[in-house]
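# Understanding the architecture of this molecule
Each chain, written out:
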Amino acid sequence: MTALVASVVPLAIGAAISPTLLALQLLVLTGRKRPLARAWALAAGAALVLAAFSVLGLTVLGHLHPAEHGRHSLRGAVLMFIAAALMAALAVRSLLKRPTPAEHQKSRTAGRLDSAPTGWFVGVGALGMVVNFSTLVLFLPALHEITRAPVGLVGRGASFALLFVITLLPVLAPVVVVSVAGERAAPALNATHGFVTRHARQIGIVIEVVFAVYLVIKGVAELP
């Protein structure tokens, strides 16, 4: 169980460092109309997509290695190398100054904040997670670690719950803080919003490069 958590948590942290989702949530929470209700709706939309992706990922991975519990696996290595290549491609896209998902989504959302109904933000959160490629790319190898771990159902369930919650921290943490602290959270919220807006691209590049290297290392370690 400890080994499983140790293999899942780094990937979960990488998946959670998401300028796309954090920028969206901070944009909503700094809005003027019903920011808290809208923020919870956004979090719900992101969670629904991540849950659906989890079901799909667990189903596919379960068929790929239904009884595979060893430390070394050619399929596991291939999965890590593919994920590393995707992260590297995302880093190249960011370096080429092409608009990131965070920048696309921020411009679309900002223009509709004032007039949109609260329920619309479920769709915003869902779309934000769908286009949040770095999160999904890192989430899948973490699911791989869970499906092939030689632990019981309870251990796998606990590890998955940890992965799921950590991955959703960009949308959960801000709204929980505001729900508890209220207006006292406004200065920190505005400062964080400004920082993420200014540095979203740089944050994304660092995460993409670091985890591309990390996944290559894990892939090499997986080779039989």
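Structure shown above.
None of these values were measured; they are calculated from a predicted model.

Parameters and conventions
Residues numbered from 1 in each chain as written. Predicted model: local features only at pLDDT ≥ 70, side-chain atom pairs only at ≥ 80, totals over all residues. Heavy atoms only, no water. Helix = DSSP H or I, 4+ residues; strand = E, 2+ residues; numbered from the N terminus. Contact = heavy atoms within 4.5 Å. Salt bridge = Lys/Arg side-chain N within 4 Å of Asp/Glu carboxyl O. Buried < 20%, exposed > 50% of the residue type's maximum accessible area, 1.4 Å probe, protein only. Axes fitted to C-alpha atoms, helices over the stretch in contact; angles between N-to-C directions. Parallel < 35°, antiparallel > 145°, perpendicular 65-115°, else oblique. Nonpolar A, V, L, I, M, F, W, Y, C, P; charged D, E, K, R; others polar. Core = buried A, V, L, I, M, F, W, Y, C linked by side-chain atoms within 4.5 Å.

Time to look at the environment of Pro 170. Secondary-structure assignment places Pro 170 in helix H9 (residues 169-181). Sequence separation between Pro 170 and Ile 17 is 153 residues, and the spatial gap between their C-alpha atoms is 7.2 Å. When sequence neighbours within four positions are dropped, the list of residues in contact with Pro 170 reads Ala 16, Ser 18, Leu 21, Leu 22 and Gln 25.

This part is about the pattern of salt bridges. Scanning the model with the defined rule gives 3 salt bridges in all. The shortest N-O distance in the salt bridge between Glu 145 and Arg 148 comes to 3.5 Å. Arg 148 matches Glu 145 in its accessibility class, with the two residues each being buried. Between Lys 218 and Glu 145 there is a salt bridge; the shortest N-O distance is 3.1 Å. Of the two residues, Lys 218 is situated in helix H10 (residues 186-222) and Glu 145 in helix H7 (residues 133-147); the sequence distance between them amounts to 73 residues. By relative accessible area, which is 15% here, Lys 218 ends up buried. A single salt-bridge network, built from bridges that share partners, covers Glu 145, Arg 148, Lys 218 and Glu 222.

Let us look at the packing of helix H8 (residues 153-167) against H9. At a minimum axis distance of 6 Å, the contact between H8 and H9 shows a crossing angle of 70°. It follows from the interaxial angle that H8 and H9 lie roughly perpendicular. Contacts between H8 and H9 involve Val 165, Ile 166 and Thr 167 from the former and Leu 169, Pro 170 and Leu 172 from the latter. A per-class count over the contact of H8 with H9 returns 5 nonpolar, 1 polar and no charged.

Right, let's talk about the nonpolar core for a bit. Ranked by size, the top nonpolar core spans 53 residues in total, and within it Met 87, Met 129, Leu 163 and Leu 215 carry the most contacts. It is helix H3 (residues 35-64) that provides the largest number of residues to this core, a total of 8 residues. Sequence-distant contacts of Leu 163, defined by excluding residues within four places in its chain, comprise Val 8, Ala 12, Phe 139, Ala 142, Leu 143 and Ile 146.

Backbone geometry at Arg 34 places phi at a positive 45°, although glycine is not the residue there. As for its placement among the helices and strands, Arg 34 is situated in the loop between helix H2 (19-29) and H3. Given a relative accessible area of 45%, Arg 34 falls into the partly exposed group.

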